[in-house]
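Okay, here's what each chain looks like letter by letter:
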Amino acid sequence: MIFQFETFALDTTLRELRRDGVLIALEPQVFDLLHYLVEARDRVVTRDDLIETVWQGRIVSDATLSSRINAARVALGDSGAQQRLIRTLPRKGVRFVGTVADNEPAPPPPQRRGTPCLPALAVLPFVNMSGDAAQDYFADGMAEEIITALSRISGIFVIARNSSFTYKGRATDVRQIGQDLGVGYVLEGSVRRGADRLRIAAQLIEAASGGHLWSDRFDGHIDEVFDLQERVAASVAAAIEPTLQIAEIARLERAAPMRMEAYDLLLRGWALMAGFTAESMTEALTCFEAALALDPTYAPALASSSYGHAQQQFQGWVRLEKTTCADVVAMAWRAAELAPGDGQVLWMAAFTIWTLGWGAGELGHERARDLFARSLLVNPNSALALTLAGWIEIMNGRVVEGRAMVERAQRLSPLDPRGWLADGVLALACVIEEDYAAALRWAEKSLAHNRRFAVALRVAAVAYVKLGQMDRARRVVGDLLEIEAELTISGLFERIPFPLDRMKQTYAEALSAAGLPA
């Protein structure tokens, strides 16, 4: 709903106040107060009404209440003395007295079925800066390749080419483009040719603020233009997926909506999960459960919840009963059935099934591998999916195939905030190959970014033993016991799949020598 009064427009769908089309910054609580006053303009609103509606019954002081009313007045160019729009009636309450017209807002951009409130992105036609009109085809093709690559990511709504390409050759502010197309983010770029080389630059911009979120440039030979298009598109897609997720989480924190919707709860859960501690994972699971209470068939929340439980078991933060493991695996399969075209749902489900369903034997392993393969067919540019799929391949003894997946992930997203995971997986590959010096290098690199990553700590302990550095091995085992006080070798093998007997024996002998209880 859009409420219009004087030169103001209060959009309750977008939670925005504008004056003559210009956005006015409002704190979330001030927006809620103004929204309530405008809706209830036919009566006097009491102090108790405001507390019940805006503060949801929480106790607040008169000073807090007055400051929020004053902030609303300031946003409207009103004052306590003038009271042009918000009038105080002593000992009774306040009332909005402006003349209001209300209209339904323009329909939002279409969303994919079953995926609420997705962040929307427009890819603008790339600018040809070569001074050669013949290169326009390459600039247009570059943008089209990126649209195709981004469309594979289930968590992003990408505006179709026919809409975004209407801005070709036009100097338009990205904030205006955001309003015109109903998108929160804009990707723009340029192509420059010099002699026999091509340089492509791209940048991701937040439409509302015009702020840059990410940028990069790519170089290649003119003779390999189409290979270059594919490589750049893959790299852009891999970089933008985590960048948009972080931006959406930050947007959600700023908005602080009164009633959390399933998608908002999912984002909050993902932000907590990134903390990668026992406490943050427990809080994340609470968010996913709340999302499922709103929509029990919300596949991303089902997959995220199953993945969170699997990580708890894998890290040793929680010991799940066998019946619980079976329930979580069933949840993962349910998510995969509900969203067979969602790459992220599929890799989360695959990791869960491999971690918690490994007791089913080789059949369980193969089913998890099949899900990873399906995930990468949907989105071959997901760095996290590639890393986890490579992990499973390596643990099953297919080191060459697994390492190739992880190295591709690192090339696609060299600055990935979860890069410590890829480093840890490569450390595992080196243990299987009995290259313990390399295993230690990768493990230390991983621990430099996440010192509580148990996988890397275990590799470091094994490598130190194999390299004859027993004091350091014992210190690393001490670090492991700080994370999981009741860790034992037998308990480790009960909860984590070790398909390769040779690798299992190596871990048992080395960890025992380093002082880990049997």
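These numbers come from a predicted model, not from an experiment. (Residues numbered from 1 in each chain as written. Predicted model: local features only at pLDDT ≥ 70, side-chain atom pairs only at ≥ 80, totals over all residues. Heavy atoms only, no water.)

Chemist: Teacher, can you tell me more about the environment of Val431 here?
Modeler: Residue position: Val431 is located in helix H16 (residues 419–432). You can call Val431 buried: its relative accessible area is 3%. Sequence separation between Val431 and Leu37 is 394 residues; the distance between their C-alpha atoms is 65 Å. Those residues in contact with Val431 that sit more than four places away from it in its chain are Tyr436, Ala439, Val459 and Tyr507. (Helix = DSSP H or I, 4+ residues; strand = E, 2+ residues; numbered from the N terminus. Buried < 20%, exposed > 50% of the residue type's maximum accessible area, 1.4 Å probe, protein only. Contact = heavy atoms within 4.5 Å.)

Chemist: Sorry if this is basic, but what is going on with the packing of aromatic side chains here?
Modeler: The geometry of two aromatic rings is summed up by the distance between their centres and the angle between their planes. On inspection of all chains with the given rule, the structure shows 13 aromatic pairs. Taken together, the aromatic side chains of Tyr307, Phe314, Trp347, Phe351 and Trp391 make up a single cluster linked through ring pairs. (Phe/Tyr/Trp six-rings, centres within 6.5 Å; stacked < 30°, edge-to-face > 60°.)

Chemist: Would you mind going over the side chain of Arg73 with me for this structure?
Modeler: Topologically, Arg73 is positioned in helix H3 (residues 62–75). Comment: no salt bridge for buried Arg73; closest opposite-charge side chain is Asp78, at 4.5 Å. Every residue in contact with Arg73, bar those within four places of it in the chain, is listed here: Asp78, Ser79, Gly80, Gln83, Ile86, Arg87 and Thr88. (Lys, Arg positive; Asp, Glu negative; His and termini not counted. Salt bridge = Lys/Arg side-chain N within 4 Å of Asp/Glu carboxyl O.)

Chemist: Can you help me understand the pattern of salt bridges in this one?
Modeler: Pairs can form between side chains of opposite charge once their charged atoms are near each other. One pass over the full model with this rule turns up 13 salt bridges. With its nearest N and O atoms 3.1 Å apart, the salt bridge here joins Arg175 to Asp173. The shortest N-O distance in the salt bridge between Glu393 and Arg369 comes to 2.5 Å. Within this pair, whereas Glu393 is found in helix H14 (residues 383–395), its partner Arg369 is found in helix H13 (residues 362–378), the two being separated by 24 residues in sequence. A relative accessible area of 8% means that Glu393 is categorised as buried.

Chemist: In this structure, what is going on with the nonpolar core? I would like to understand it.
Modeler: Soluble globular proteins tend to bury their nonpolar side chains together. If you look at the biggest cluster of nonpolar residues, it comprises 107 residues, and the most contacted ones within it are Leu388, Trp391, Leu428 and Tyr507. Once residues lying within four places of it in the same chain are set aside, the contact partners of Leu388 are Tyr307, Trp347, Phe351, Phe372 and Leu421. Counting 34 residues, the second-largest nonpolar core is a separate cluster that includes Leu121, Ala139, Val232 and Val236. (Core = buried A, V, L, I, M, F, W, Y, C linked by side-chain atoms within 4.5 Å.)

Chemist: How do you make sense of the environment of Gly308 when you look at a structure like this?
Modeler: Looking at the element boundaries, Gly308 is found in helix H10 (residues 299–315). Accessibility expressed as a relative area gives 0% for Gly308, which makes it buried. Considering only alpha carbons, one finds Gly308 and Met281, 27 residues apart in sequence, at a separation of 6.5 Å. Filtering out sequence-adjacent residues up to four positions away, Gly308 remains in contact with Met273, Met281 and Leu285.

Chemist: Even after reading the chapter, I still don't get unusual backbone geometry, so can you show me in this structure?
Modeler: With the exception of glycine, the majority of residues adopt a negative phi angle, and the majority of peptide bonds are in the trans configuration. A positive phi angle is found at Arg91, which is not glycine, with a value near 65°. Of note, the phi angle at Glu434 is positive, near 65°, even though the residue is not glycine. With respect to the helices and strands, Glu434 occurs in the loop between H16 and helix H17 (436–449). Judged by its relative accessible area of 48%, Glu434 is partly exposed.

Chemist: Help me understand the pairing of strand E8 (residues 120–123), please; the structure alone is not making it clear to me.
Modeler: Each regular strand shows side chains that alternate between the opposite faces of the sheet. Here E8 shows two buried faces, one formed by Ala120 and Ala122 and the other by Leu121 and Val123. By the bridge criterion, two bridges tie E8 to strand E10 (residues 157–158) in an arrangement that is parallel. Each residue of the ladder has a partner; that of Leu121, found in E10, is Val158. Bridge analysis of E8 against strand E11 (residues 185–194) gives three bridges, and the strand direction is parallel. Looking across to E11, one finds that Ala122 is bridged to Val186. (Pairing = 2+ DSSP bridges.)

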